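Summary of structural features
So you can see what is in the structure, the chains are spelled out below.
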Amino acid sequence: MQALTNKAQAVNRKPMTFLERLYLINIIKGMMITFSHMFKKQPTIRYPEQKREFSPVFRGLHVLNRDEEGRERCTACGLCAVACPAEAITMEAAERTDGEETLYREEKYAAKYEINMLRCIFCGLCEDACPKDAIYLSETFAPANFTRKGFIYGKSDLLIPNPLTEAGAFAEAKGVEA
Amino acid sequence: MTILSLDLGFIIEKLIMIAIVVFASLGIALYTTFGERKVAAILQDRPGPSRAGPFGLLQPLADGLKLIMKEEIIPNAASKWLFILGPGLAMTASLMTCAVIPWGSAVDVFGRHVELQIADVNIGILYVFAVVSMGVYGIMIGGWASNNKFSLMSALRAASQAISYELAMGLALIALLMTTGSLSLKTIVEQQVQGNYWNVVYQPLGFLIFFITAMAECNRTPFDLPEAENELNFGYHQEYSSMKLGFYLFAEYINMIMSSAIMASMYFGGYDLPFFNEASVAPNIAALIGVGTLLIKIVLFIFLFMWIRWTIPRFRYDQLMGLGWKTMIPLALFNMLLTGAVILAKL
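Residues numbered from 1 in each chain as written. Chains lettered and ligands numbered in written order. Predicted model: local features only at pLDDT ≥ 70, side-chain atom pairs only at ≥ 80, totals over all residues.

**Topic: the overall build of chain B**
Helix and strand counts for chain B come out as 12 helices and 2 strands. Along its sequence from the N terminus, chain B presents helices and strands in the succession α-α-α-β-β-α-α-α-α-α-α-α-α-α. For chain B, the C-alpha radius of gyration of 21 Å lies close to 20 Å, the compact-globule estimate for 347 residues. Referenced to the eigenvectors of the C-alpha coordinate spread, the extents of chain B come out at roughly 60 × 55 × 50 Å. Across the 347 residues in chain B, those meeting the buried criterion constitute 41%. (Helix = DSSP H or I, 4+ residues; strand = E, 2+ residues; numbered from the N terminus. Rg over C-alpha atoms; globule rule 2.2 N^0.38 Å. Buried ≥ 20, exposed ≤ 12 C-beta atoms within 10 Å, placed from the backbone.)

**Some words on the sheet that holds strand β2 (residues 89-95) of chain A**
All names here are of chain A. Pairing in this open sheet of 3 strands is antiparallel, and the strands run β2-β3-β5 from one edge to the other. Each of the sheet's edge strands pairs with one partner strand only, and the pair in question is β2 and β5 (152-153). Bridge count between strand β3 (residues 108-116) and β5: 2 bridges; the pairing is antiparallel. Bridging across to β5, Asn116 finds its partner in Ile152. (Pairing = 2+ DSSP bridges.)

**What about the environment of Thr339 of chain B?**
All names here are of chain B. Checked against the element boundaries, Thr339 lands in helix α12 (residues 317-346). Linking Thr339 and Ser241, residues 98 residues apart in sequence, is a C-alpha distance of 48 Å. Leaving out residues up to four positions away in the same chain, Thr339 has contacts with Ala175, Met178 and Thr179. (Contact = placed C-beta atoms within 7 Å.)

**Side note on helix α6 (residues 185-194) of chain B**
Given 3.6 residues to a turn, an α-helix orients residues that are three or four positions apart in the same direction. All names here are of chain B. Of all the residues in α6, the buried ones are Leu185, Lys186, Ile188, Val189 and Gln192. The buried side chains of α6 occupy one side of the element, clustering within an arc of 165° when seen end-on. Buried residues in α6 make contact with α4 (124-145), α5 (149-180), α7 (199-202) and α10 (242-267). (Arc of directions from axis to C-beta.)

**What to know about the interface of chain A and chain B**
How big an interface is tends to be stated in terms of the accessible area lost upon association of its parts. Chain A puts 11 residues into the contact, and the matching count from chain B is 11 residues. Tallied by class, residues from the side of chain A that touches chain B come to 5 nonpolar, 5 polar and 1 charged. (Nonpolar A, V, L, I, M, F, W, Y, C, P; charged D, E, K, R; others polar.)

**So, the environment of Leu43 of chain B**
Tracing the chain through its elements places Leu43 of chain B in helix α1 (residues 8-43). By C-beta crowding, Leu43 of chain B is classed as buried, having 22 other C-beta atoms within 10 Å. Remark: the alpha-carbon pair of Leu43 of chain B and Thr311 of chain B, spanning 268 residues in sequence, is separated by 8.8 Å. Ignoring anything within four residues of it in the chain, the contact list for Leu43 of chain B reads Thr34, His37 and Met38 of chain A together with Trp310 of chain B.

What follows is the structure, encoded as structure tokens:
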């Protein structure tokens, strides 16, 4: 049979020499190897105190964006829901009434916007589909929860804090965000 | 009546010493479990237990507490009394060994001259052998009383392993006894303190055999056939829970400490600190330095045990028996012959 790679090695069937049969030398060699590992750097990351950095392209939890004046950007067009391969996004649109101009950027907005984090595959297609730059994937991941319901994130979980009224929280959220 | 002539001070002195030695060995055993986990971790490039207390130092206490809090389970089909007797016997036998180990020379406290040894029996080594052989009863009874085929097989393995390796151990010791001419551990240590060299210089092969057989007696990897997890689940302590399991695990560590102490005493000068003149300091301080020296030697031996455990894989059963009967015993006999020849040539 022809070898697929040239990595194959013939088994050495030579009888062991006396020194090899003593085993002691080889055991000491092995012990030296384990001893040298005492001085090696430990790759352990002590989790709650230390965290491993995500890669720059990491896609985490979604964030619903606001514009500079603190108005929600989302117009509930539904393109993200259409783009979503996991069908994790549902929304209900509503029309802006008079006096709500400071809350919503355009005449239509999402009254309800829910993402099921158990369905979501964090592919980022919603981010690509959005014509209004309203949805982004951040660098955090969904924390554990006790119920399945807890993984359905509504608007209150997704919306970024208002930059005008909650400047501190907004800056913090921005910092976490890519 | 000699019993009536024993003075009270002597009894109190011995009782205090027994208490100190027993509790000290329990405490050391507790921290040996921690040391084992830490050594294993460091040899495998990981931090090991580090959460409980500073550097994880409270971990053994947490483990002990956990073992005590667990439910005591005695299987229906088990033979109840033997089931309880097993771990107790294992623990007792391993603790009894410490009676003849000379922990230091002697101290003068409250006007009494106190030898730092519970009993200087003139057949100390024979006593150690007798007690160590008793230890296997703990495993055998526990394994048999569990009424579990894996436990029974493991108990059989433990018994045959102990018998096979005790022979070689005894033969290796005979060569040592030929050079020292005494069975008392105290005398053997004193000879090394006064003499130029430790016994390991005269008996390197004997020490090697003794060390390997001691490892087999303690059921330590590479000889931990009785608790081979992947063939026998958990071996003879399969059915045990709570502190009865704790006793078995503890007994193993105490055995390790005791065999380290015996090896240190017989081959590495016991409480003798090399290149140090004991007469240059007060006798009490010299005795304390001696105790410290012996403890350091014990810790080094325990580290060696652990280091070997985390380096070498387990033997196969036929290899174990082959090594015991076909290598260790002939080698020990040869060592005896050699020692005898050298002694004769010197005469």
